[in-house]
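Listed here are the chains, written in short residue letters.
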Amino acid sequence: MTMKLYTENIQTIIEDLSPELKELSEYIYDHPELGHEEYLSSKAHVTLLEKHEFDVEYPYLGIDTAFKAVYKGKKTGPTIAYLSEYDALPGIGHGCGHNLLGSTDTGAGIALSKLVDEVGGTVVVLGTPAEETNGDKVTMAEAGTFEDIDVAFCTHPSDDYYASGTSMAMEAIEFKFHGKTSHAAASPFEGKNALDACLNTFNNINSLRQQIHPSARVHGVIKQGGEAANIIPDFTRAEFYVRAMDMPYLTELKEKVIRCAEAGAMAAGCTMEWGHYEASYQNLITNKTLSERYNENMKQLGIEMNTEVKDSMGSMDMGNVSQVVPAINPYFGISEGNSVTAHTVEFREYTKTAAAYQGMEKTIAAFTETALDLILDQQLLADVKAEFEATL
Ligand SMILES: [Zn+2]
Ligand SMILES: [Zn+2]
């Protein structure tokens, strides 16, 4: 462990910052915005970061609700990034708690910025839109945003404190089936039924299911199923998510699923085309060296991380980030240990409680301590990078 020279400073910084961060979280709670419509939410983050002397590029990469905020310390050192989310869900607003997530990660960036003039280094806060749908961490990972970043941190509210784990690799695949209309009673024999092609696909996938790895998931819906019962449908469209624990198995499984659709179309005399309807997410690779240091820092703050790591059956765009830069994505508790799951009204309501704000403050403190460890202990940073290289 490096000497905890700055622990008291960090506590003071967080105490000073906390009211602004709560205000940010509650403002975003009150103004829930869906992915790529987060105009008020992104603006609120940018305003706070500019107040704290960050240089902000907004919009970023041509995305209206994305931003890149940079605070360069007076001395050189590593570049540490914190990734903020602020998109909401349809109907239930901030049921995933991204209002609090954003305040926590932006707060960690601001807290660290107060120290890098003295210890060296650069702080980057990235505003990453649309995590729930078409996550722009994917766009950023592909655009080279992380090329000059040494380490990336993200977190997520939860029912407890969990060490950073894994998430599923996922592809969002759509199938379009083309057939030929005909009167369903008078001349059905002249039609080619695109709905049959679609239903065959679901049945083929259900047959495939027995032979897929238990950790994998394939689930879909029919988005367009035809126009009227007396017309043989000439067009149908289905959307699927295909998920697996790693990229090689995802690729294998995806090919099998596509074959199910090809066969379904062929049996109905139709044609099929496939594509992606949302961004594909890679699996999260937790940097263990980094994660262990973070967990130790949480322990110093009185929090015992649940190290039965939270291996999420969901998928997150932080996965793509973790494949291009060393990263962790730990969870913090907001419900005083009460069992509650994300994407619910109950979860949303917990984001405004004292327990939630305690989780936010503890996470900011541990993120800041861990960043300082990386800045002050070159060996730690080298170990983190060596593990990253070895994992690739
Ligand atoms: Zn969510
Ligand atoms: Zn979420």
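Residues numbered from 1 in each chain as written. Chains lettered and ligands numbered in written order. Predicted model: local features only at pLDDT ≥ 70, side-chain atom pairs only at ≥ 80, totals over all residues. Heavy atoms only, no water.

Right, let's get into the state of the cysteines. All chains considered together, the criterion is met by zero disulfides. Free of any disulfide, C260 has its nearest neighbouring cysteine sulfur in C198, separated by 13 Å. In this structure C260 comes out as buried when scored by relative accessible area, which is 10%. The thiol sulfur of C270 is not disulfide-bonded, and the nearest other cysteine sulfur, from C198, lies at 10 Å. For C270, a relative accessible area of 9% translates into the label buried. (Disulfide = S-S within 2.5 Å. Buried < 20%, exposed > 50% of the residue type's maximum accessible area, 1.4 Å probe, protein only.)

Time to look at the coordination of the zinc ion (ligand 2). Angles between donor atoms at a metal ideally measure 109.5 degrees for a four-coordinate tetrahedral arrangement and either 90 or 180 degrees for a six-coordinate octahedral one. Only C96 (SG), H98 (NE2) and H156 (NE2) from the protein reach the zinc ion (ligand 2) as donors, at distances of 2.1 to 2.3 Å. Read from N- to C-terminus, the donor residues coordinating the zinc ion (ligand 2) fall into the pattern C-x1-H-x57-H. Separation of the zinc ion (ligand 2) from the zinc ion (ligand 1) amounts to 3.1 Å, with C96 serving as a shared donor to the pair. Taken together, the positions of H98 in helix α3 (residues 98-113) and H156 in strand β6 (residues 156-158) put the pair 58 residues apart, joining distant regions of the chain. By relative accessible area, which is 14% here, H156 ends up buried. (Donors = N, O, S within 2.8 Å, 3.2 Å for Na, K, Ca; no water. Helix = DSSP H or I, 4+ residues; strand = E, 2+ residues; numbered from the N terminus.)

Here we take up the domain arrangement of the protein chain. Buried accessible area, meaning the area lost when the parts come together, often serves as the stated size of an interface. Domain annotation for the protein chain reports domain 1 (7-167 + 282-391) and domain 2 (169-276). Placing the centre of domain 1 and that of domain 2 at their C-alpha centroids yields a distance of 38 Å. For the pairing of domain 1 and domain 2, the buried interface totals around 680 Å² over both sides, and the portion due to carbon and sulfur atoms is 56%. A per-residue breakdown of the area domain 1 buries against domain 2 is headed by N283, M313 and S315, which together make up 63% of the total. Taken together, the residues that form the side of domain 1 that touches domain 2 break down as one nonpolar, seven polar and no charged. (Domains from an automatic or database assignment. Buried area = accessible area lost by both parts, 1.4 Å probe. Nonpolar A, V, L, I, M, F, W, Y, C, P; charged D, E, K, R; others polar.)

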